[in-house]
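# Inside the fold
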Amino acid sequence: MTERTEAAEPAGPVGPGGPAGPAEAVAPAGPAEAVVPFGPPVRLAALLARRELGLRLVAGDPGAELHWVHTSEMADPYPYLLGGELLLTAGVQLADAGADPERFVARAAQAGAAALGFGVTPVYDTVPEALAAACARHGLPLVEVEPGTTFAAVARAVWRLRADARLHELRRVTDAQRALATAAARPGPVPAVLKVLAGRLGGRAALYAPDGSEYAAAGRGLTPEEAAALSRLVAVVARAERRPSSASDTVAAGGAVGPGGGAGGAGGGAGAPGTAGGTGGSGTEGGPGAVAARGTGGPGTAGGPAGPGTGTGGASRGVRLVAYSLGTGREGLTLGLALARHEEADQRIAETAMVLLSLLTAPHQGADEATRSAALVRLLLGARPEEVAPLLGEAPWTVVHARGGDGQAPPALGTPLVDAAGGTVRALLPAGREAEPQPGWTLGVSAPAGPGSLEAADAQAARALRRAEAAHTGLARHRAGGLDALVDPAEADAHARALLGPLLDSPALLETLRVWLSLHGGWDRTAAALGVHRNTVRQRVARCATLLDADLEDAQTRMELWFALRRL
């Protein structure tokens with residue numbers, strides 16, 4: 001006989017106030033709304049396909065979607081279910097005199113259980129016929145668990161299938177995001193993004209102008225019913241007053257749109273048949289084919305349980321229609337989608353495309369600005385700087401650091417690639433553009449660098465700026481070449497690391513020595529360049545001399561250290 005384990009259950013339903021007694025277990029007449037976990041569900045058919053478990057479908061639909069696994073021998077399982085479970089039982093509660101399989105199955109179905117697993121032995125040798133008949137009447141799939149299979153093994157199989165499904169979903173989203181980012185960087189990015197989006201979702205993607213006309217589209221055609229329903233959604237999103245961020249609808253496989261109206265969120269009222277509800281906070285579908293409008297205001301409250309075919313978890317029957325406002329102004333464009341699948345991954349892919357299209361269709365956006373937006377998107381989605389830099393200009397690049405201005409706008413350096421945050425303005429100049437002195441500003445300019453060396457160029461510009469400030473000049477450039485260019489770079493780097501080894505763990509000492517040598521040992525100018533007291537400079541230089549065991553008054557020593565510092 002195989003031992004079966006059961007999770008401990010409280011004496012009554014658990015609510016906000018804690019466990020309640022049996023007398024408090026009062027349930028509504030209708031089915032409970034399932035609490036769907038994050039991640040894709042598992043089809044019962046996939047679990048039945050695991051031959052090592054020896055499961056057999058006795059009654060019901062193998063297409064049921066499983067979100068959880070729960071074991072119970074309680075006569076009334078309702079208080080302990082969240083919805084979407086595979087409820088496992090050995091039938092201990094059904095062996096009592098007067099036990100009613102009909103009531104047990106009805107309560108499990110009301111709680112939203114996805115399927116019932118019945119373990120034969122130690123109580124029953126076969127699945128009771130009355131139990132199978134009750135499951136068939138209530139549409140609850142019934143699975144026989146053979147004696148050699150533990151409930152723990154079934155639960156483990158479900159969680160493994162869920163983990164595999166989640167990994168597959170993440171890979172699909174990642175691949176789609178890469179494809180969308182690539183499309184956004186092509187010439188004619190808007191049609192390219194729509195084409196990729198329609199292909200990844202297996203449906204249609206279209207942009208609609210404020211008047212409801214199609215601006216651009218890709219993918220399969222729509223049936224008249226789908227086109228009419230999507231047009232209503234676009235009108236909801238595009239209307240001038242209190243525009244929601246999105247609206248959705250479901251068209252049944254036969255083309256019929258359900259009559260139920262959506263329930264608006266906080267601040268929104270019930271909608272008319274087939275139209276959106278209020279445009280306040282977030283709302284959920286109120287019936288078959290209902291429209292749900294999600295506003296941009298405060299948090300909304302659910303308008304009621306979703307109707308048939310409008311579930312948010314797996315692939316519900318029918319075509320899912322969604323409209324997103326792109327946030328490109330009060331009279332902006334709207335993205336309309338017809339999705340063959342209703343999975344979480346599809347929503348993530350659609351949201352990525354919505355962000356890309358918002359950037360690409362922003363008002364008054366020129367070609368150069370659109371290209372920069374595409375480069376930014378690709379960087380955020382994981383592209384390397386070497387791949388993105390050609391979109392912004394030709395290499396080599398020059399980094400410029402600037403300080404001053406007395407609160408004025410950043411200096412006109414002939415490039416839009418400017419970071420003015422903080423006390424130092426940083427700019428990237430593509431090939432063919434030279435930094436020139438700017439009145440009221442002090443500039444430090446790096447040597448030209450490729451996309452993979454911009455970090456080193458940024459450090460060069462910072463050092464050049466400090467040198468310019470110490471010398472009270474308007475512009476200083478990084479100085480490269482000279483005699484050190486005649487030395488093999490690898491050998492020079494190795495020598496520099498060996499010579500300056502005692503200082504490598506102290507960036508402050510290295511920078512102080514570098515600035516002090518560049519300013520010919522001037523204590524006051526070094527202190528001004530570093531923003532520290534002159535005594536601090538003296539102490540740091542003395543510490544460097546001690547660690548290096550070198551005479552810093554010797555010109556030969558200074559020269560050798562200076563060449564070494566330039567290699568770091």
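Whatever comes next refers back to the structure up there.
As a starting point, this report considers the structure included with it. Per chain, residues are indexed from 1 in the order of the written sequence. Selection of residues for local features in this predicted model requires a pLDDT of at least 70, selection of side-chain atom pairs for listing and counting requires 80 or more, and totals for whole chains, interfaces and linings are taken over all residues. Only hydrogens and water are set aside when side-chain values are computed; all heavy atoms of the structure are taken into account.

Elements are defined by DSSP. Helices are runs of H or I of four residues or more, strands are runs of E of two residues or more, and each kind is numbered from the N terminus. Per the secondary structure count, the protein chain includes 15 helices and 20 strands. Buried, partly exposed and exposed residues are distinguished by accessible area as a fraction of the type maximum, computed with a 1.4 Å probe on protein chains only: under 20%, between the cut-offs, and over 50%, respectively. Looking at the protein chain as a whole, 46% of its 568 residues are labelled buried. Pairs of residues are marked as contacts when any of their non-hydrogen atoms sit within 4.5 Å. At a minimum sequence separation of 6, the contacts of the protein chain that also span at least 24 residues come to 63%. The accessible surface values rely on the Shrake-Rupley method and a 1.4 Å probe; as for residues, cover is taken only from the protein chains in view. If you sum the accessible surface of the protein chain, you get close to 27,100 Å²; carbon and sulfur atoms cover 55% of it.

A separate point is helix H5 (residues 189–201). Residues that lie three or four places apart on an α-helix share one face, since the helix turns once every 3.6 residues. Each residue after the first adds 1.5 Å to the expected span of a helix. Along its 13 residues, H5 runs 18 Å from first to last C-alpha, staying within 8% of the 18 Å computed at 1.5 Å per residue. Burial in H5 covers these residues: Val190, Ala192, Val193, Leu194, Val196, Leu197, Ala198 and Leu201. Those residues of H5 that are buried are in contact with helix H4 (151–184), strand S10 (204–208), strand S11 (214–219), strand S15 (334–339) and helix H7 (344–360). With its phi angle positive at about 65°, Gly202 sits one or two positions after the end of H5.

Let us look at the packing of helix H12 (residues 507–518) against helix H15 (residues 555–566). Contact geometry for H12 and H15: axes closest at 10 Å, N-to-C directions at 125°. Classed by the angle they form, the pair H12 and H15 counts as oblique. Seen along the crossing, H12 lies across H15 with a hand that is left-handed. Residues Leu510, Leu513, Arg514, Trp516, Leu517 and Ser518 of H12 lie in contact with H15, whose contacting residues are Arg558, Leu561, Trp562, Leu565 and Arg566. Looking at the contact of H12 with H15 residue by residue, the classes come out as 7 nonpolar, 1 polar and 3 charged. Between the N-to-C directions of two axes lies an angle of 0 to 180 degrees, each axis being a line fitted to C-alpha atoms and, for a helix, fitted only over the stretch in contact. Orientation categories follow fixed angle ranges, with anything under 35 degrees roughly parallel, anything over 145 roughly antiparallel, 65 to 115 roughly perpendicular, and all other angles oblique. For any helix crossing, the convention is left-handed if the near helix is rotated counterclockwise from the far helix by under a right angle, and right-handed if that rotation is clockwise. Under the convention adopted here, Pro, Cys and the residues Ala, Val, Leu, Ile, Met, Phe, Trp and Tyr are nonpolar, Asp, Glu, Lys and Arg are charged, and Gly plus all remaining residues are polar.

As a further point, take helix H6 (residues 224–238). Between its first and last C-alpha atoms H6 spans 21 Å; for 15 residues at 1.5 Å apiece the expected length is 21 Å, and the two agree. Those residues of H6 that sit buried are Glu226, Ala229, Leu230, Leu233, Val234, Val236, Val237 and Ala238. Looking at the buried residues of H6, the elements they touch are S10, strand S12 (246–251), strand S14 (319–325) and S15.

Below, the discussion takes up the side chain of Ser358. Within the element layout of this structure, Ser358 appears in helix H7. With relative accessibility at 17%, the residue Ser358 sits in the buried group. Polar contact is the term for a pair of N or O atoms within 3.5 Å; when the atoms are in protein, one must be able to donate a hydrogen and the other to accept it, and sequence-neighboring residues count only if both atoms are side-chain atoms. A polar side-chain atom of Ser358 sits 2.6 Å from the main-chain carbonyl oxygen of Leu326.

Before going further, it helps to spend a moment on the pattern of salt bridges. Within this document, salt bridges are pairs made up of a side-chain nitrogen of Lys or Arg and a carboxyl oxygen of Asp or Glu, the two lying within 4 Å of each other. Enumeration according to the criterion identifies 22 salt bridges in this entry. A salt bridge links Glu52 to Arg50, with the shortest nitrogen-to-oxygen separation between them at 3.0 Å. Taking the relative accessible area as the measure of exposure, Arg50 reaches 23% and is therefore partly exposed. For Arg172, the salt bridge goes to Asp346, with nearest N and O atoms at 3.3 Å.

So, about a nonpolar patch on the surface. To count toward a patch, a residue needs a relative accessible area over 30% and no salt bridge; like charges are then connected within 9 Å, while nonpolar side chains (Val, Leu, Ile, Met, Phe, Trp, Tyr) are connected within 5 Å. Taken together, the side chains of Leu376, Leu380 and Leu381 make up a nonpolar region of the molecular surface, amounting to roughly 290 Å² of accessible area. Tracing the sequence through the fold places Leu380 in helix H8 (residues 367–380). Relative accessible area serves as the criterion here: at 67%, Leu380 is assigned to the exposed category.

By the element assignment, Gly112 lies in the loop between helix H2 (101–110) and strand S8 (115–119). Considered as a pair, Gly112 and Leu140 are 28 residues apart in the sequence and their alpha carbons are 9.5 Å apart.

Okay, the sheet that holds strand S16 (residues 398–404) next. Following DSSP output, two strands are said to pair if at least two bridges run between them. Taken in spatial order, the 5 strands line up as S17-S18-S16-S19-S20 in an open sheet, and their pairing is mixed. Edge positions in the sheet fall to strand S17 (418–419) and strand S20 (475–477), since each of these pairs with one other strand and no more. Summarising the sheet, S16 and strand S19 (residues 441–445) pair through 5 bridges and their orientation is antiparallel. Counted as the bridge partner of His401 is Gly444 from S19. Contacts from helix H10 (residues 454–471) reach S16, strand S18 (425–429), S19 and S20 within the one sheet, and its direction differs from that of S16 by about 35°.

Further remarks concern the environment of Val173. Tracing the backbone shows Val173 in helix H4. Separated by 177 residues in sequence, Val173 and Ala350 have C-alpha atoms that sit 9.8 Å apart. In this structure Val173 touches Ala345, Arg348 and Ile349, once residues within four positions along its chain are discounted.

Any two aromatic rings considered together are summarised by their centre-to-centre distance and by the angle between their planes. Working definition: a ring pair exists when centres of Phe, Tyr or Trp rings (six-membered ring for Trp) sit within 6.5 Å. Plane angles under 30 degrees give stacked, over 60 give edge-to-face, the rest tilted. One pass over the structure, following the stated rule, counts 2 aromatic pairs. For the pair Trp516 and Trp523, a centre-to-centre distance of 5.3 Å together with 35° between the ring planes defines the contact as tilted. We classify Trp516 as buried; its relative accessible area is 1%. Above the plane of the ring of Trp523 lies Arg538, whose end atom (NZ or CZ) is 4.5 Å from the centre. Lysine NZ or arginine CZ positioned within 6 Å of the ring centre and within 35 degrees of the ring normal marks a charge as sitting over the ring.

In contact at an axis separation of 9 Å, H4 and H7 are set at 20° when each is read in the N-to-C sense. The orientation of H4 with respect to H7, classified from their angle, is roughly parallel. Two packed elements cross with a definite hand, and for H4 against H7 that hand is right-handed. Contacts from Arg166, Glu169, Arg172, Val173, Ala176, Gln177, Leu180, Ala181 and Ala184 of H4 reach H7 at Glu344, Ala345, Asp346, Arg348, Ile349, Thr352, Ala353, Leu356 and Leu360.

Time to look at the environment of Ala550. Mapping Ala550 onto the fold places it in the loop between helix H14 (534–548) and H15. For the pair Ala550 and Leu561, spaced 11 residues apart in sequence, the C-alpha separation works out to 9.7 Å. The contact partners of Ala550, leaving out residues within four places of it in the chain, are Ala545 and Thr557.

What follows covers unusual backbone geometry. Unlike most non-glycine residues, His472 shows phi in positive territory, near 55°. Mapping His472 onto the fold places it in the loop between H10 and S20. Given the relative accessible area of 76%, His472 is considered exposed. Located in the positive-phi region is Asp549, a residue other than glycine, with phi close to 55°. Looking at the element boundaries, Asp549 is found in the loop between H14 and H15.

The next thing to look at is the nonpolar core. Nonpolar side chains in soluble globular proteins tend to be buried together. Definition used in this section: a nonpolar core is a set of buried Ala, Val, Leu, Ile, Met, Phe, Trp, Tyr and Cys residues joined via side-chain atoms within 4.5 Å. If you look at the biggest cluster of nonpolar residues, it comprises 34 residues, and the most contacted ones within it are Leu194, Leu197, Leu335 and Leu337. Counting only elements with at least two residues in this core, the list comes to H4, H5, S10, S11, S14, S15 and H7. When neighbours within four sequence positions are excluded, Leu335 is seen to be in contact with Leu194, Leu197, Ala206, Leu207, Val322, Ala323, Tyr324, Leu326, Met354 and Leu357.

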